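# Topology and contacts: notes
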Amino acid sequence: MSSPYNSDTCPLPVSVAFSGPDNTGKTKQIGILARRMGPATTSAGPLDHYDPRWAAIKADGMARWWFETGPVEEVADVLATSYLERSRHPFSAPVRLLDRGIPMLEASIAATVAVREGLDPEQAADRARLLLAPYETDLRTAEEGEHALVLLHCDAPEEGTRRSLAHEVTVTEIYAAYQRHLHKQINRLVRSRRSTT
């Protein structure tokens, strides 16, 4: 990856990835760090900046595509492509802050298929890994380039889900189920030491 910061006189650039369920403060923490660190850091921005398909997806209704109409293979492809394109994007500062690291991709896909296909957490994790298998090598390389942090409301997935949903104005049944599964998947990844709390 080319960068103006990878010379002998400047520190190598680093990516710091904040992962966690919805409403745990990832975006807020990135904003605070970006303001305090000034020009030494940059935010990589939202994932939908990294794949042109997001425009049509959002125009037709992202939740509907994510949970109902988009084939799960397509959902996995759009997400994986977005994560990988973001990882390849040149650095513009010594520190790049990422909203959701590579482990969140697996957690998100696992939670999605759990809801859509009625899978238990273990089955969903296996299904997610299968869907992401075509990208495995590139995803592993991208993950090795991230310093991973995870933000949780608490260690208990049930209570964490309750707190995440409490921040929402309206909650659909499918979104609530997704959040329950997402909390379980993130806690699984934390236990496997793919993220640091």
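Residues numbered from 1 in each chain as written. Predicted model: local features only at pLDDT ≥ 70, side-chain atom pairs only at ≥ 80, totals over all residues. Heavy atoms only, no water.

Our next topic: the packing of aromatic side chains. Going through the model one piece at a time under the given rule, you end up with 5 aromatic pairs. Here the aromatic rings of Trp65 and Trp66 are separated by 6.3 Å at their centres, their planes lie at 85°, and the arrangement is edge-to-face. Like Trp66, Trp65 is buried. On the numbers, 6.4 Å between centres and 40° between planes, the contact of Trp66 with Phe67 is tilted. The same class applies to Trp66 as to Phe67, namely buried. Aromatic ring contacts, followed pair by pair, group Trp54, Trp65, Trp66, Phe67 and Tyr178 into a single cluster. Across the ring face of Phe91, the terminal group of Arg96 is positioned such that the distance to the ring centre comes to 4.0 Å. (Phe/Tyr/Trp six-rings, centres within 6.5 Å; stacked < 30°, edge-to-face > 60°. Buried < 20%, exposed > 50% of the residue type's maximum accessible area, 1.4 Å probe, protein only. Lys NZ or Arg CZ within 6 Å of the ring centre and 35° of its normal.)

Here we come to the side chain of Thr41. Assignment of secondary structure puts Thr41 in strand E2 (residues 41-43). The exposure class assigned to Thr41 is buried, which follows from its relative accessible area of 8%. Separated by 3.0 Å, the side chain of Thr41 and the backbone oxygen of Val95 make a polar contact. Excluding residues within four positions of it along the chain, Thr41 makes contact with Leu33, Ala34, Ala93, Val95 and Leu97. (Helix = DSSP H or I, 4+ residues; strand = E, 2+ residues; numbered from the N terminus. Polar contact = N/O pair within 3.5 Å; in protein donor to acceptor, adjacent residues only side chain to side chain. Contact = heavy atoms within 4.5 Å.)

Glancing now at helix H3 (residues 62-69). Within the sequence span of H3, burial applies to Trp65, Trp66 and Phe67. Considered in projection along H3, the buried side chains sweep an arc of 165° and stay on one side of the axis. For H3, the secondary structure elements touched by its buried residues are helix H2 (53-60), helix H4 (72-88), helix H5 (102-117) and helix H9 (173-191). (Arc of directions from axis to C-beta.)

This next bit is on the sheet that holds strand E1 (residues 14-19). Within the open sheet, the 4 strands sit side by side as E2-E3-E1-E4. Their pairing is parallel. At either end of the open sheet lies a strand with only one pairing partner, and these are E2 and strand E4 (146-150). On average, each strand axis in the sheet is tilted by 25° relative to the strand beside it, whichever way the strands run. Bridge analysis of E1 against E4 gives 5 bridges, and the strand direction is parallel. Among the inter-strand pairings, Ser19 is bridged to a residue of E4, identified as Val150. (Pairing = 2+ DSSP bridges. Axes fitted to C-alpha atoms, helices over the stretch in contact; angles between N-to-C directions.)

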